[in-house]
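Coordinates in review
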Amino acid sequence: MKYSLLLIAVIAAMITACNKDKFKTEPQVDLKSISPTDIIRSDVFTIKAEYTDEEGDLDSVLIVYKWYNGDIAVRPPNNANPNDTIRLSFATLSLPAKTREAEMQIQYEYQTSNLLSQGILSFTNVPTIRDTTATFGLILKDKAGHRSNYSESEKVRLQKQ
């Protein structure tokens with residue numbers, strides 16, 4: 001009997017300890033997937049992630065993208081946007097306000113000039129000069145200025161047409 005009570009107490013303590021760190025003042029983000037991984041002009045690609053925030057006061061999403069030459073991250077091509085970070089408000093992305101935990105989905109259309117057409121953003125409206133590889137990362141920022149961890153996607157192939 002003593003052992004079963006001790007076992008129950010240990011299991012309860014472990015469950016409490018695991019849930020204790022789930023919500024933090026600084027937002028937490030986990031980029032789950034990006035698809036498709038082989039993208040051509042006018043393709044819509046989707047970034048899926050999950051996030052938590054103790055206060056539920058998320059303000060914006062920073063989307064960081066990196067171009068690659070083999071395994072080495074390089075600056076964006078001259079004809080692309082020279083910035084490597086896009087800042088979007090949660091309101092623009094129609095994400096729920098005052099939510100402590102949720103899934104998010106961000107959609108981009110590759111090489112078009114549509115801006116937020118049906119909730120789909122445009123990613124680089126100029127044609128690439130060659131096939132390239134890229135990753136996308138997310139950072140969340142709350143109204144108090146706290147930033148989340150950085151979570152990055154797997155590499156995707158952006159094809160020239």
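Okay, so let's go over this structure. As the structure is a computational prediction, the values presented were derived from the model and not from experiment.

Thresholds applied
- Residues numbered from 1 in each chain as written.
- Predicted model: local features only at pLDDT ≥ 70, side-chain atom pairs only at ≥ 80, totals over all residues.
- Heavy atoms only, no water.
- Pairing = 2+ DSSP bridges.
- Helix = DSSP H or I, 4+ residues; strand = E, 2+ residues; numbered from the N terminus.
- Axes fitted to C-alpha atoms, helices over the stretch in contact; angles between N-to-C directions.
- Salt bridge = Lys/Arg side-chain N within 4 Å of Asp/Glu carboxyl O.
- Buried < 20%, exposed > 50% of the residue type's maximum accessible area, 1.4 Å probe, protein only.
- Core = buried A, V, L, I, M, F, W, Y, C linked by side-chain atoms within 4.5 Å.
- Contact = heavy atoms within 4.5 Å.
- Phe/Tyr/Trp six-rings, centres within 6.5 Å; stacked < 30°, edge-to-face > 60°.
- Lys NZ or Arg CZ within 6 Å of the ring centre and 35° of its normal.

Observations regarding the sheet that holds strand E8 (residues 120–123)
- Reading across the sheet, the 4 strands line up as E1-E3-E7-E8 and stay open at both edges, with mixed pairing between neighbours. Looking at which strands have only one partner, the edges of the open sheet turn out to be strand E1 (28–35) and E8. Put simply, the sheet's adjacent strands are angled 30° from each other on average, direction ignored.
- Two elements, strand E3 (residues 44–52) and strand E7 (residues 101–110), share 9 bridges in a ladder whose sense is antiparallel. In the sheet register, Tyr51 faces E7, and the bridge partner there is Ala102.

A closer look at the pattern of salt bridges
- Scanning the model with the defined rule gives 7 salt bridges in all.
- Note that Asp59 and Arg87 form a salt bridge whose closest N and O atoms lie 3.2 Å from each other. You can see Asp59 sitting in strand E4 (residues 58–69) and its partner Arg87 sitting in strand E6 (residues 85–89), a full 28 residues away along the chain.
- Classification of Arg87 as partly exposed rests on a relative accessible area of 47%.
- The shortest N-O distance in the salt bridge between Lys155 and Asp71 comes to 3.3 Å. Taken together, the residues Lys155 in the loop between strand E10 (151–152) and strand E11 (156–158) and Asp71 in the loop between E4 and strand E5 (72–74) connect sequence positions 84 residues apart.
- What you see here is one network of salt bridges that share partners, running through Asp30, Lys32 and Glu50.

Points about the nonpolar core
- With 31 residues, the main nonpolar core has Val61, Met104, Ile106, Tyr108, Phe136 and Leu138 as its most contacted residues.
- For this core, the elements supplying multiple residues, two or more each, are E1, E3, E4, E6, E7, E8, strand E9 (132–142) and E11.
- Residues within four places of Tyr108 in sequence aside, it is in contact with Asp43, Val44, Phe45, Ile47, Ile63, Ile86, Leu88, Ile120, Leu121, Ser122 and Phe123.

Some words on the side chain of Thr52
- Following the sequence through the fold, Thr52 ends up in strand E3.
- Residues contacting Thr52, with those up to four places away along its chain left out, are Lys22, Phe23, Pro27, Gln28, Arg100 and Glu101.

Description of the packing of aromatic side chains
- One pass over the structure, following the stated rule, counts 6 aromatic pairs.
- Measuring from centroid to centroid gives 6.3 Å for Tyr65 and Phe136, while their planes differ by 40°, and the two rings are tilted. Here Tyr65, found in strand E4, pairs with Phe136, found in strand E9; they are 71 residues apart in sequence, far enough to count as distant. Of the two residues, Tyr65 and Phe136, neither departs from the other in class, the shared state being buried.
- The aromatic ring of Phe23 is capped on one face by Arg100, whose charged end is 3.9 Å from the ring centroid.
- Here Lys155 stacks its cationic end above the ring of Tyr68, 4.3 Å away from the centre of that ring.

Structural notes on unusual backbone geometry
- Between Ser35 and the following residue, Pro36, the backbone shows a cis peptide bond with an omega angle of -5°.
- Counting through the fold element by element, Pro36 comes out in the loop between E1 and strand E2 (38–39).
- With a phi angle near 75°, Ser42 is a residue other than glycine that sits in the positive phi range.
- Take Ser42: it is sitting in the loop between E2 and E3.

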